[in-house]
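Given next are the chains, with one letter for each unit.
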Amino acid sequence: MKEGLKTFCVGDYETNCYLIFNKNSAILIDAGEGVEQIIYFLYQNKLSLKYIINTHCHIDHIMGNDEIRKETKAELLINFKDNEMLFNPLLNLSGFFGSSMKFKEATRTIKENDIITVGDINLKVIETPGHTPGSISLLLDDAIFCGDTIFSNGIGRTDFPEGDHKILINSIKKLLNFPDNTTLYPGHGNPVTIKEAKCQLANLINL
């Protein structure tokens, strides 16, 4: 990956928020709790944030959406199948923790094979449902930002509302079809290559 990449691990759930930048423009993948450090980095490096892309709309990945949009005027992009989760505390899981949070609607929705472009950065949308109906991954060169679909030591949970284990397994197999040297950047934990993920998940998902 040729573009600049900065990872911010934020909040109690140690959510990975990925800032991809090139020259003076940037895209943020997920906006968890405590986005002040992200905003500071943008201002410090004179970066203009064009888009926030939520890999899915659970609270630990969207809590900072409204704050960072207010500060940067960035557009928010989500998959259309997760649209209701922004406004439903039970679906975005905030209701399970007593906060019942609702968020402003997305600027627009995105789907399979859409390309999000900022300068020389071109992110391709891969629909990877299962953890949520609208979970997506984002392909950039030899990197995939996969949200809570695959982790360095496991797979996403499907016991939350609208999770589906069978659909998740199909999404994982879809990602594992990419070249072995592709790096997966998960929503929590450390990056892992496709080759490493295949070894770790072989028995779990019957590869």
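**Student:** Hey, could you go over the pattern of salt bridges for me, with residue numbers and the actual values?
**Tutor:** With the rule as written, the count across this model stands at four salt bridges. For the salt bridge of E112 with K174, the shortest nitrogen-to-oxygen distance reads 3.2 Å. Taken together, the residues span a long stretch of sequence, with E112 in the loop between strand 6 (108–110) and strand 7 (115–118) and K174 in helix 4 (residues 165–175) at a distance of 62 residues. Owing to a relative accessible area of 27%, E112 belongs among the partly exposed residues under this scheme.

**Student:** Requested: an account of the sheet that holds strand 10 (residues 143–147), with residues and values cited.
**Tutor:** With mixed pairing, the six strands of this open sheet are ordered in space as 7-8-9-10-13-14. This sheet does not close on itself; its edge strands, each paired only once, are strand 7 and strand 14 (192–193). Note: strand 13 (residues 183–186) against strand 14, two bridges, orientation antiparallel. If you follow T183 over to strand 14, its bridge partner there is T193. Against the sheet, helix 4 engages strand 8 (121–127), strand 9 (136–140) and strand 10, with an angle of about 140° to strand 8.

**Student:** Got a sec to walk through the packing of helix 1 (residues 36–44) against helix 3 (residues 65–72)? Specific residues and values, please.
**Tutor:** At their nearest, the axes of helix 1 and helix 3 sit 10 Å apart, and the two run at 20° to each other. The angle between the axes of helix 1 and helix 3 places the two elements in the roughly parallel class. Two packed elements cross with a definite hand, and for helix 1 against helix 3 that hand is right-handed. In this structure, helix 1 uses E36, I38, I39, L42 and Y43 to contact helix 3, whose residues at the interface are E67, I68, E71 and T72.

So, how was this worked out
Residues numbered from 1 in each chain as written. Predicted model: local features only at pLDDT ≥ 70, side-chain atom pairs only at ≥ 80, totals over all residues. Heavy atoms only, no water. Salt bridge = Lys/Arg side-chain N within 4 Å of Asp/Glu carboxyl O. Helix = DSSP H or I, 4+ residues; strand = E, 2+ residues; numbered from the N terminus. Buried < 20%, exposed > 50% of the residue type's maximum accessible area, 1.4 Å probe, protein only. Pairing = 2+ DSSP bridges. Contact = heavy atoms within 4.5 Å. Axes fitted to C-alpha atoms, helices over the stretch in contact; angles between N-to-C directions. Parallel < 35°, antiparallel > 145°, perpendicular 65-115°, else oblique. Left-handed = near helix turned anticlockwise from the far one by under 90°.

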